[in-house]
Each structure stands twice: as C-alpha cells, then as structure tokens.
Amino acid sequence: MRYVILRDDDTNALTLPHCLERLYRPFLDRGLPVNLATIPEVDVRTTMADGTPEGYLFLLDGGTSRKITIGSNPKLVSYLLQNPGYHIVQHGCHHDFLEFDSLDGAEAATRIEHGARVLVQAGFSEPRTFVAPYDKLSRASMIEVAARFRVLSTGWFELRRLPHSWWPKFAVKQLRKADHWRVGETCLLSHPGCLLSYHRAIDEMLETILRFVDTHPLSVLVTHWWEYFCGGSPNEPLIAVLHELAERLSRRRDVKVISFGELEKTQINFRYPALNLI
C-alpha cells in the first residue's frame, strides 16, 4: 500500500467557502481527506521579497485591520466544521514573509502558541501538525515545533537548520535517501515541491504526480487554493487536473489517501524501517 497526503496551504480569514467547495467537493464525496494548512491570524500586509502582495490576498477588500483571525469569518468556519473531510493543520501564525525562518526560540514559541489558541477559539481541534510559511524554519523554530507537534510538514531539511542533537539521525536519513524521518515523537515529512501549481506545465502535471506516488511509500502533495482563482476567475484547466487526480486516486486499490492525523496511527511500511518511523 502507498499513502498520499494532500496538503493545501493558506486557508485564512479571507478565504471564501465556495472556493474550497469548488476545488474539493470531488475529494470529500469520495471520502478522500483534505488537509488545510490554515493561517490562524493572517497579516494582510504580507508581501513577497519583491514587494508584491501574497497570492492569497487577492480577495482583500481594503479593510483597515492588519491582522484578521480565522474566527472572524464565521461562514468559512461553519463550512469547514460541517465537512469533516477537511483536516485543519496550523500554518504559522500570521504568515509574515519567511515568518519562522529567523525567529529565536522565545518568539517562535509565542507565535506557535498564539496561533494554536486562535484556531481552538474558532472551534477547531488543537492542531497536532505544523506547516511553516514558505516551508522555512530556523533551528530555534524547529526545536519549538518539535516540542509541540506530532508532525512537521516541510519541503526539505538542511543540516545547518537542524538542532545539533538531530544530526546523527539526519545523517542516517541522508545515507538511506529517505524522504521522511522521525525525532522523538515528531514525524518530519518532506515533499517534492508544489506539483499542483499554475507554475507547472498543465499537460504533464497529472502524470508527473502519479509517477511520484508510484515510486514513494508516502507522498505529500502540496497545492495552494488561491492559485486556482488568481485574478478572481477560476483556472478551469488547473481545476480539471485536481478533479481528475481525485478520480484517479479513488480508483486505486494500492493507494490510500490519508490525513496527517491518520499518519500517527497508521503502520506505514516505509522503505527504511530502521529509521524507527511510524
């Protein structure tokens, strides 16, 4: 059996429920879980390195509040809670540019705990999986995340960013070319980049994803809901690929789509059992 985790980033207080409904109804109807990396208290002034606003801010109506909690959008919260196929994971706190890339331990802990509190106050369960904005964490942030979450999902791991005590296990991971590993009670998952993206060739996208799934015991597939609606109009070809992926995965008897939470209780036959993975 091969396992797939679908991770959609950047759900926030500005997200319209019908956008998620349009994208993920085929997954929900087939019983395929969708993990939404949710920004607890989005900073609406966030820009990229070149000064352009973040893509998920395209629906901003010019309000004056700088930070908006997810709970301030009751229609979105109600929609998510009414559809148990959605699994909410914590995506930073404010999603400032490279938010957790340079923080010291105290500031990282403050933001993590504040973000978790905001999600719980909105009515969601206490998050057990963490996704750093831009998939970047400083060494100090890594330590604080590992102390509080059972799963860290990120792009890749670099020795210079890891706590020194993790280096021996990281060396084993590298030697065995493993994608995922574990430190203490925390599973550390990597992914191959955003294979579902408007930055990629539309005619090759689906087969590229399926080839990756076929060659990995656990695949984390990352996408961003707002990429399907840039400019305010649906990107129909990209949406069609996403929906075809739901259809193809649901027909596979050798593939199971799971949530991050299910990873904790699923005995996955990883390629390298000596790494003591779940």
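A few points on the structure.

Calculation rules
Residues numbered from 1 in each chain as written. Predicted model: local features only at pLDDT ≥ 70, side-chain atom pairs only at ≥ 80, totals over all residues. Heavy atoms only, no water. Buried < 20%, exposed > 50% of the residue type's maximum accessible area, 1.4 Å probe, protein only. Helix = DSSP H or I, 4+ residues; strand = E, 2+ residues; numbered from the N terminus. Pairing = 2+ DSSP bridges. Right-handed = clockwise from strand over helix to strand, strands pointing away. Core = buried A, V, L, I, M, F, W, Y, C linked by side-chain atoms within 4.5 Å. Contact = heavy atoms within 4.5 Å.

Focus on the pairing of strand β5 (residues 86-91)
Then comes step 1: When you tally the buried positions in β5, you get 5 out of 6 residues, the bulk of the element.
Then comes step 2: The pairing of strand β2 (residues 34-38) with β5 spans 5 bridges and is parallel. Across the sheet, the residue bridging to Ala-37 is Val-89, located in β5.
Then comes step 3: Here 2 bridges tie β5 to strand β6 (residues 129-131), and the two strands are oriented parallel to one another. Counterpart to Gln-90 in the pairing with β6 is Phe-130.
Then comes step 4: Crossover handedness for the path β5 to helix α3 (residues 105-122) to β6: right-handed.

Some points on the nonpolar core
Then comes step 1: Residues Leu-20, Tyr-24, Leu-80, Tyr-86 and Leu-196 are the most contacted members of the largest nonpolar core, which totals 52 residues.
Then comes step 2: When residues in this core are grouped by element, the largest group, 7 residues, is from helix α7 (residues 236-251).
Then comes step 3: Beyond its immediate chain neighbours, meaning those up to four positions away, Tyr-86 contacts Leu-20, Glu-21, Tyr-24, Leu-28, Val-34, Leu-36, Tyr-79 and Leu-80.
Then comes step 4: Formed by 18 residues, the second largest nonpolar core is a distinct cluster that contains Phe-130, Leu-137, Leu-162 and Trp-166.

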